[in-house]
Amino acid sequence: MLKIVTVIGARPQIIKAAALSREIRNNHTDEIREILVHTGQHYDTKMSQVFIDELDIPLPDFNLGIGSASHGVQTGRMIMDLEKILLHEFPDYVILYGDTNSTLAGAVAASKLNIPVVHIEAGLRSFNKTMPEEINRITCDHVSALLFTPTSTGLNNLVKEGFSETTTKPFTPDNPGVFHCGDVMYDNTMHYQKTAFKKSKVLDKHDLNGEFTLCTIHRNNNTDDAQRLNTIFSTINELSRAHKTPFVLPLHPRTAKAMEELLESSVRTKLNENPYMRIIPPVSFLDMIVLESKCRLVITDSGGVQKEAYFFKKPCIILRSETEWKEIVDVGAGVVTDVDRDKITEAYTHFVANTHSSAYPSIFGDGNAAGFICQTILDNK
Ligand code: UD1
Ligand code: UDP
């Protein structure tokens with residue numbers, strides 16, 4: 001029986017972990033035992049527990065309860081506590097997702113104990129090291145034994161950094177195996193789509209049964225910079241009024257806090273007086289699937305939401321200066337506008353007039369990335 005420890009912590013990692021947990025439960029209970037460790041990086045009910053309940057993820061075996069802090073303090077505490085658990089459990093593998101501080105902490109704690117790391121969502125690069133996530137993902141990739149990339153761009157990035165596609169097993173940190181297997185979030189989105197439409201009442205609740213635009217904002221360089229934050233909110237406010245279209249924005253707690261501290265009162269007043277603006281608490285994943293599939297277009301700085309917009313064939317305006325999901329832009333389904341009022345307005349006008357301006361070719365796999373990952377781990381002998 002293979003013992004694995006899966007580390008989760010931030011919202012998207014909890015959702016991603018559902019795919020592999022489901023695969024283990026359905027097909028590998030006699031071969032793999034998964035121990036789930038939640039670092040507690042995200043802790044509000046709507047940022048954590050809601051996904052565990054809704055997506056049938058087993059209750060975490062350990063919750064470290066680390067919470068929010070500066071990067072050093074948060075990551076340091078996670079490493080200390082994860083080390084204790086890993087020394088006690090000594091698993092065959094540690095599974096890490098994405099690029100958060102929980103990912104970095106898991107990579108440091110496991111690799112220093114010579115426990116092989118499996119990195120899911122490996123190889124993504126923004127080529128912008130001012131982004132905390134870029135540092136986390138590069139570090140994690142370079143100590144991993146098994147790396148699973150969701151896109152061919154991810155695989156190519158790893159090859160450019162010296163990883164080889166032709167290594168043979170057994171794979172170790174010094175002889176890593178890299179695999180392009182598709183995206184576990186594509187698995188999940190397809191899996192939960194039917195349930196989402198059965199269970200979610202989000203459209204009725206927020207009066208969104210006509211055309212609407214979906215926005216999410218949480219990237220630290222957008223929330224913590226007063227000028228960027230005010231430009232984003234004044235621009236979406238103007239767009240929703242000009243197009244007489246509801247804009248729904250499930251608000252990340254980081255953004256809620258930043259708005260209290262940094263939003264100009266004139267922008268706040270305009271948002272409050274705008275009948276088209278629906279700024280709502282974070283929603284569940286099932287609600288999010290319904291919003292993504294029913295909206296006209298998406299405006300976001302989220303990595304996950306960019307992809308899910310694509311899964312549902314919705315154009316996406318990306319409020320960043322670059323994206324790791326380069327394919328979305330290459331096929332014309334996404335536009336990188338950064339926080340530039342004119343570029344955002346131009347992209348919005350373009351997409352409203354040309355909703356089907358991309359063919360949305362298949363980029364993210366066949367919906368069975370988790371199956372491939374489990375089998376590859378089992379075969380690594
Ligand atoms: C983190 C990840 C980011 C990911 C995002 C997903 C890092 C460095 N960043 O960013 O890559 O895209 O999660 O959502 O790991 N807060 C709450 N309640 C919570 C969680 C957070 O109020 O349950 C507030 C706190 O004020 C906290 C702030 O949000 O200081 C930021 O949280 P943190 O986990 O540090 O980073 P995120 O911005 O959420
Ligand atoms: N998400 C959600 N509810 C929300 C906002 C996002 O369930 O209110 C989901 C979204 O569908 C995606 C994931 O959270 O699966 C993305 O997380 P986030 O945007 O926080 O982080 P990122 O992907 O940028 O790291």
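All values derive from a computational prediction rather than experimental measurement. (Residues numbered from 1 in each chain as written. Chains lettered and ligands numbered in written order. Predicted model: local features only at pLDDT ≥ 70, side-chain atom pairs only at ≥ 80, totals over all residues. Heavy atoms only, no water.)

### Comments concerning the pairing of strand 9 (residues 247-250)
Part 1 of the argument: The side-chain alternation of strand 9 yields two buried faces, one formed by F247 and L249 and the other by V248 and P250.
Part 2 of the argument: Here 2 bridges tie strand 8 (residues 213-216) to strand 9, and the two strands are oriented parallel to one another. By the bridge assignment for strand 9, L214 is matched with V248.
Part 3 of the argument: Two elements, strand 9 and strand 10 (residues 277-280), share 4 bridges in a ladder whose sense is parallel. Note that in strand 10 the partner of F247 across the bridge is M277. (Buried < 20%, exposed > 50% of the residue type's maximum accessible area, 1.4 Å probe, protein only. Helix = DSSP H or I, 4+ residues; strand = E, 2+ residues; numbered from the N terminus. Pairing = 2+ DSSP bridges.)

### Describing the sheet that holds strand 7 (residues 177-180)
Part 1 of the argument: If you trace the 7 strands from one edge of the open sheet to the other, you get 3-2-1-4-5-6-7, paired in parallel fashion. Two strands close off the open sheet at either side, each with one partner strand: strand 3 (62-63) and strand 7.
Part 2 of the argument: Bridge analysis of strand 2 (residues 32-38) against strand 3 gives 2 bridges, and the strand direction is parallel. Bridge pairing links H38 to N63 in strand 3.

### Notes on the sheet that holds strand 13 (residues 334-336)
Sheet strands line up and pair through hydrogen bonds in the backbone, either parallel or antiparallel.
Part 1 of the argument: Within the open sheet, the 6 strands sit side by side as 10-9-8-11-12-13. Their pairing is parallel. Unpaired on one side and paired on the other, strand 10 and strand 13 mark the two borders of the sheet. If you compare each strand with its neighbour and ignore which way they point, the axes differ by 15° on average.
Part 2 of the argument: Pairing geometry for strand 11 (residues 297-300) and strand 12 (residues 316-318), over 3 bridges, is parallel. Along strand 12, the bridge assignment pairs I299 with I317.
Part 3 of the argument: In the packing of helix 13 (residues 285-294) onto the sheet, contacts are made with strand 8 and strand 9, and the angle to strand 8 comes to roughly 130°.
Part 4 of the argument: Sheet strands in contact with helix 14 (residues 303-311) are strand 8, strand 11 and strand 12, and its direction is about 170° off that of strand 11. (Axes fitted to C-alpha atoms, helices over the stretch in contact; angles between N-to-C directions. Contact = heavy atoms within 4.5 Å.)

### Side note on the pattern of salt bridges
Part 1 of the argument: Within the structure shown, the criterion is met by 19 salt bridges.
Part 2 of the argument: Between D81 and K84 there is a salt bridge whose closest N-O contact spans 3.7 Å. One end of the pair is D81 and the other is K84, both in helix 3 (residues 71-89) and 3 residues apart, which spans about a single turn.
Part 3 of the argument: A relative accessible area of 22% places D81 in the partly exposed class.
Part 4 of the argument: Here R137 ties to E134 by a salt bridge, and the two come within 2.3 Å at their closest N and O atoms. In this pair, R137 and E134 are both assigned in helix 5 (residues 132-143), 3 residues apart and thus about one turn of the helix distant.
Part 5 of the argument: Given the relative accessible area of 3%, R137 is considered buried.
Part 6 of the argument: For E134, a relative accessible area of 2% translates into the label buried.
Part 7 of the argument: A cluster of three or more residues bridged by salt bridges with shared partners is formed by D99, E134, R137, R320, E322 and E324. (Salt bridge = Lys/Arg side-chain N within 4 Å of Asp/Glu carboxyl O.)

### Quick notes on helix 5
Part 1 of the argument: Helix length check: helix 5, at 12 residues, gives a terminal C-alpha distance of 18 Å against a target of 16 Å (1.5 Å per residue), a fit within 8%.
Part 2 of the argument: Looking at helix 5, one finds that the buried residues are P132, E133, E134, N136, R137, C140 and D141. (Expected span 1.5 Å × (residues − 1).)

### Comments concerning unusual backbone geometry
Part 1 of the argument: Note that the residue after K169, namely P170, is joined by a cis bond; omega there is 5°.
Part 2 of the argument: When you line up the elements, P170 lands in the loop between helix 6 (152-160) and strand 7.
Part 3 of the argument: You will see that D207, though not glycine, has its phi angle at about 55°, which is positive.
Part 4 of the argument: Note that D207 resides in the loop between helix 8 (202-205) and strand 8.
Part 5 of the argument: One non-glycine residue, K313, lies in the positive phi region at around 60°.
Part 6 of the argument: Assignment of secondary structure puts K313 in the loop between helix 14 and strand 12.

### A look at the side chain of E134
Part 1 of the argument: Within polar-contact distance, the side chain of E134 engages the backbone nitrogen of F127 at 2.9 Å.
Part 2 of the argument: Residue contacts for E134: discarding those within four places in its chain leaves L124, R125, S126, F127, N128 and K129. (Polar contact = N/O pair within 3.5 Å; in protein donor to acceptor, adjacent residues only side chain to side chain.)

### Regarding the packing of aromatic side chains
Part 1 of the argument: Taken as a whole, this structure holds 11 aromatic pairs when the rule is applied.
Part 2 of the argument: Centroid distance Y186 to F311: 5.0 Å. Interplanar angle 65°. Geometry classified as edge-to-face. One end of the pair, Y186, is in helix 7 (residues 184-199); the other, F311, is in helix 14, and 125 residues separate them in sequence. (Phe/Tyr/Trp six-rings, centres within 6.5 Å; stacked < 30°, edge-to-face > 60°.)

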